[in-house]
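Structural overview
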Amino acid sequence: MAIHLLGIRHHGPGSCRSVERYLRELEPDLILLEGPVEAEALIPHVAEPGMEPPAALLAYRPDEPRQAVFYPFAEFSPEWQTLRYGIDQGVPVRFFDLPLTHSMALDRDEDEKEAATAAEETTEAEEIIERGGDPFDALAEIAGYPDGESWWDATVERRQDNAGIFEAVQEAVTALRAERPRPESLRTRLREAWMRRTVRAAQKEGFERIAVVCGAWHVPALAEMPTAKEDNELLKGLPKVKVECTWIPWTYDRLTLRSGYGAGIASPGWYDHLWRRSEDDGTLWVSRIAALFRAKGMDISVAHVIETVRLAQTAAALRNRPAPSLAEFNEAITAVMGFGDEILLQIIKEELLISDRLGRVPDTVPKVPLLIDVEKTQKRLRIPFTAEIKELALDLRNPNDLERSVFFHRLHLLGIDWARPAGEGDGRGTFRERWSLYHKPEQILQIIETAIWGNTVKEAAKNYLLRETSRIDRVPELTGLLTRAIPADLPELVEAMTAQLDRLSATSTDLSELMEAVPDLAEIVRYGSVRKLDFSRMGDMLRAMVARIWAGGTLVCINIDEEAAAHMLDRILATDYALSTLNDPELNRMWIEFLGRVRTAANVHPLLTGYATRQLNDQGEIPPEEMHGTLRYYTSAGNAPADIAYWFEGFLHASGSILLLDDDLWNLVNDWICTQDREVFLELLPILKRTFSEFSPVERRKLGEKAKAYDPAGGGFRRSGPTAVESLDESEAAKAIPVVFGLLGIETNES
């Protein structure tokens with residue numbers, strides 16, 4: 001009974017081709033493949049119509065879906081081609097790695113938390129990382145390569161003749177393992193013990209030619225087996241958990257090292273080319289690059305292609321390498337096409353080296369009902385998963401776009417981040433929404449996690465938010481969640497949340513909390529008119545909240561420090577904006593009266609008094625004479641300098657236009673600042689700088705110009721040059737009026 005050990009590295013086209021050739025020559029009667037035992041029943045799906053790599057086996061605990069493991073496969077993965085060979089030739093294929101029912105149970109143990117964490121791929125590459133680096137770096141150093149990855153790529157992946165390759169790999173890895181300074185981890189020893197147990201079981205069944213395809217690092221442990229008793233003793237008493245498996249689509253982007261995948265590769269696009277075009281000397285690869293550059297509007301000729309290929313081949317020859325690697329091609333492209341500038345290659349790097357390939361799995365693969373509902377909805381709305389980022393602009397007056405919006409909002413509420421609001425806001429209050437769609441395979445796991453809430457997206461979103469609603473005990477949290485839930489078109493949920501909001505708002509004694517909730521509630525009332533929803537009950541609650549703020553809101557503005565005043569100002573600003581946008585006469589009147597009380601009440605922080613004064617003045621609620629009296633009062637010497645500075649910070653909040661337009665106010669502020677002595681001015685400087693930093697750059701520039709034109713001796717502003725009034729020639733100015741009318745498109749009776 002011969003055991004043939006085929007040591008490979010994951011996702012390598014050279015290893016893949018060598019495995020394929022070896023299997024065809026050997027014609028084994030059984031194949032043992034490194035992979036999760038629980039997924040063995042899913043192997044037949046590999047050959048079904050509709051299955052297109054990249055794809056991944058997803059294994060998860062149904063009682064705790066966050067604990068999951070992914071086993072990705074590309075078309076150039078040796079494991080994938082092994083599965084295809086077994087199915088095509090009728091040869092049984094068995095996964096023979098340590099069952100995940102034990103592996104995931106070990107993850108729960110405190111002693112194993114540092115060695116294995118949830119949602120990581122259990123691969124041979126991880127075992128290398130655990131031991132502190134790539135052991136093939138030692139061989140790379142001897143052979144003159146920069147690292148173990150480039151050595152493996154040159155000696156194995158780019159190899160055209162596979163004669164003796166697996167014997168050489170076994171010999172090299174055996175030597176490396178013998179020289180390792182530390183023993184193998186417990187996880188590695190358990191995995192290899194289980195592999196050996198499976199091999200012994202296959203031998204007892206009478207198979208004659210057993211092919212074992214596994215990570216190269218495990219080959220020596222399978223070549224020299226200890227006794228069965230030793231392995232059984234090590235494997236005795238392993239804990240168990242329940243595990244379920246399925247196939248999911250994968251992307252080339254998630255095969256990369258940058259994605260955090262332990263066995264990732266730097267350039268899936270390059271490996272895909274090597275698999276499909278093994279005979280290419282570089283001409284096809286560089287021609288593809290030239291086509292990408294031309295699509296970007298760059299002038300790349302056939303001569304560029306020829307010289308790039310020649311330079312890459314020459315560089316490989318000078319380095320004693322059998323053929324150019326990706327590094328030689330990149331260097332040649334930079335030199336010939338980029339004239340030494342690396343930025344040119346960066347323009348097409350993502351499209352060239354990664355690509356936006358997304359796999360598919362057939363509908364026959366077992367899936368949770370929620371995932372089936374998501375896929376059916378995507379198909380009906382014509383928004384499938386894609387590997388690239390896709391921007392969608394929705395018009396809610398269009399029925400299909402409205403359904404898309406509802407679907408996106410429901411997924412968003414469930415924490416499934418495939419569709420995200422794009423730009424400022426998420427389109428509430430308008431007929432337009434913009435969404436950014438970006439699929440990551442982990443989103444399938446998010447769907448599985450939320451499947452406990454229902455079999456459809458609508459049902460799951462409703463049940464999940466009902467649970468969240470019952471846990472909320474603050475009005476602002478509930479109004480914020482309600483604002484997000486309304487666009488999802490869940491009437492029963494909105495009704496339950498409204499009832500909860502009614503109870504919370506009626507029992508809340510924190511007026512500051514109510515003020516924090518008003519902007520969301522005002523937006524809900526306003527938003528209802530956009531989608532023709534009835535929120536009259538919300539309007540009643542909003543009026544009740546504003547009435548309570550009107551009656552007692554001044555109390556939360558009295559005897560507070562600067563930090564509390566700044567927080568209260570933020571809430572007043574948000575409430576003021578929300579109510580002005582809603583433009584309800586009754587609410588506006590109550591709010592203006594509230595601001596009037598803030599302005600006149602004793603012991604209110606001057607920051608809030610200043611803002612209230614400014615708003616009332618803008619609304620025409622303060623007569624000019626009273627306004628000038630207020631300004632003189634707050635600049636009088638009887639007030640503390642800090643109080644005056646805070647008052648002006650509130651009064652001038654976020655707008656310097658009033659200083660530009662009102663010369664009297666300018667003179668008051670200027671005179672007050674100029675009368676402060678050095679010590680007081682330095683004390684006030686941080687407050688003044690904060691106030692003026694909120695002005696726009698244009699306002700700050702114009703304020704500087706106005707200060708420059710101020711004449712202290714004359715008590716006014718100097719006017720000079722063509723802008724001075726006395727230099728205006730009315731007859732000459734009149735000639736420009738018809739031209740201005742023409743530019744504005746205004747018709748006049750003048751000929």
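Provided above is the structure to which this section pertains.
Scope of this entry: the structure provided in the associated data block.

A word on the packing of aromatic side chains
- A complete count under the given rule lists 17 aromatic pairs for this structure.
- When the centroid spacing of 4.9 Å and the interplanar angle of 70° are considered together, the rings of Trp270 and Trp285 count as edge-to-face. Here Trp270, found in helix H11 (residues 268–276), pairs with Trp285, found in helix H12 (residues 283–295); they are 15 residues apart in sequence, far enough to count as distant.
- Overall, Trp270 belongs to the buried group, its relative accessible area being 3%.
- Exposure remark for Trp285: the relative accessible area of 0% places this residue in the buried category.
- When the ring centre of Trp550 is taken as reference, the NZ or CZ atom of Arg597 above it lies at 4.4 Å.

A short note on the pairing of strand S6 (residues 209–215)
- Counted residue by residue, S6 has six buried out of seven residues, so it is predominantly covered.
- Sheet analysis places strand S1 (residues 2–8) next to S6, joined by seven bridges and oriented parallel. Of the residues in S6, the one forming a bridge with Leu5 is Val212.
- By the bridge criterion, four bridges tie strand S2 (residues 30–33) to S6 in an arrangement that is parallel. Pairing of Ile31 across the sheet is with Ala211, part of S6.

Description of the environment of Arg360
- Assignment of secondary structure puts Arg360 in the loop between helix H15 (343–354) and helix H16 (369–381).
- Given a relative accessible area of 45%, Arg360 falls into the partly exposed group.
- Through-space distance from the C-alpha of Arg360 to that of Ala55 is 6.9 Å; in sequence the pair is 305 residues apart.
- Every residue in contact with Arg360, bar those within four places of it in the chain, is listed here: Gly50, Met51, Glu52, Pro54 and Pro249.

So, the packing of helix H1 (residues 13–26) against helix H2 (residues 78–89)
- With their axes 8 Å apart at the nearest point, H1 and H2 run at an angle of 25° to one another. Overall, the two elements H1 and H2 adopt an arrangement that is roughly parallel. The hand of the H1/H2 crossing is right-handed. On H2, the residues touching Ser15, Cys16, Val19, Glu20, Leu23 and Arg24 of H1 are Pro78, Gln81, Thr82, Tyr85 and Gln89.
- By residue class, the composition of the contact of H1 with H2 is five nonpolar, four polar and two charged.

Some words on a negative patch on the surface
- Residues Asp561, Glu562, Glu563 and Asp643 make up a contiguous surface patch of negative charge.
- Secondary-structure assignment places Glu563 in helix H24 (residues 562–582).

What counts, and where the lines are drawn
- Residues numbered from 1 in each chain as written.
- Predicted model: local features only at pLDDT ≥ 70, side-chain atom pairs only at ≥ 80, totals over all residues.
- Heavy atoms only, no water.
- Phe/Tyr/Trp six-rings, centres within 6.5 Å; stacked < 30°, edge-to-face > 60°.
- Helix = DSSP H or I, 4+ residues; strand = E, 2+ residues; numbered from the N terminus.
- Buried < 20%, exposed > 50% of the residue type's maximum accessible area, 1.4 Å probe, protein only.
- Lys NZ or Arg CZ within 6 Å of the ring centre and 35° of its normal.
- Pairing = 2+ DSSP bridges.
- Contact = heavy atoms within 4.5 Å.
- Axes fitted to C-alpha atoms, helices over the stretch in contact; angles between N-to-C directions.
- Parallel < 35°, antiparallel > 145°, perpendicular 65-115°, else oblique.
- Left-handed = near helix turned anticlockwise from the far one by under 90°.
- Nonpolar A, V, L, I, M, F, W, Y, C, P; charged D, E, K, R; others polar.
- Patch = residues over 30% accessible without salt bridge, like charges linked within 9 Å, V, L, I, M, F, W, Y side chains within 5 Å.
- Areas by Shrake-Rupley, 256 points an atom, 1.4 Å probe, with all protein chains shown as cover.
- Salt bridge = Lys/Arg side-chain N within 4 Å of Asp/Glu carboxyl O.
- Lys, Arg positive; Asp, Glu negative; His and termini not counted.
- Charge placed at Lys NZ, Arg CZ, Asp CG, Glu CD.

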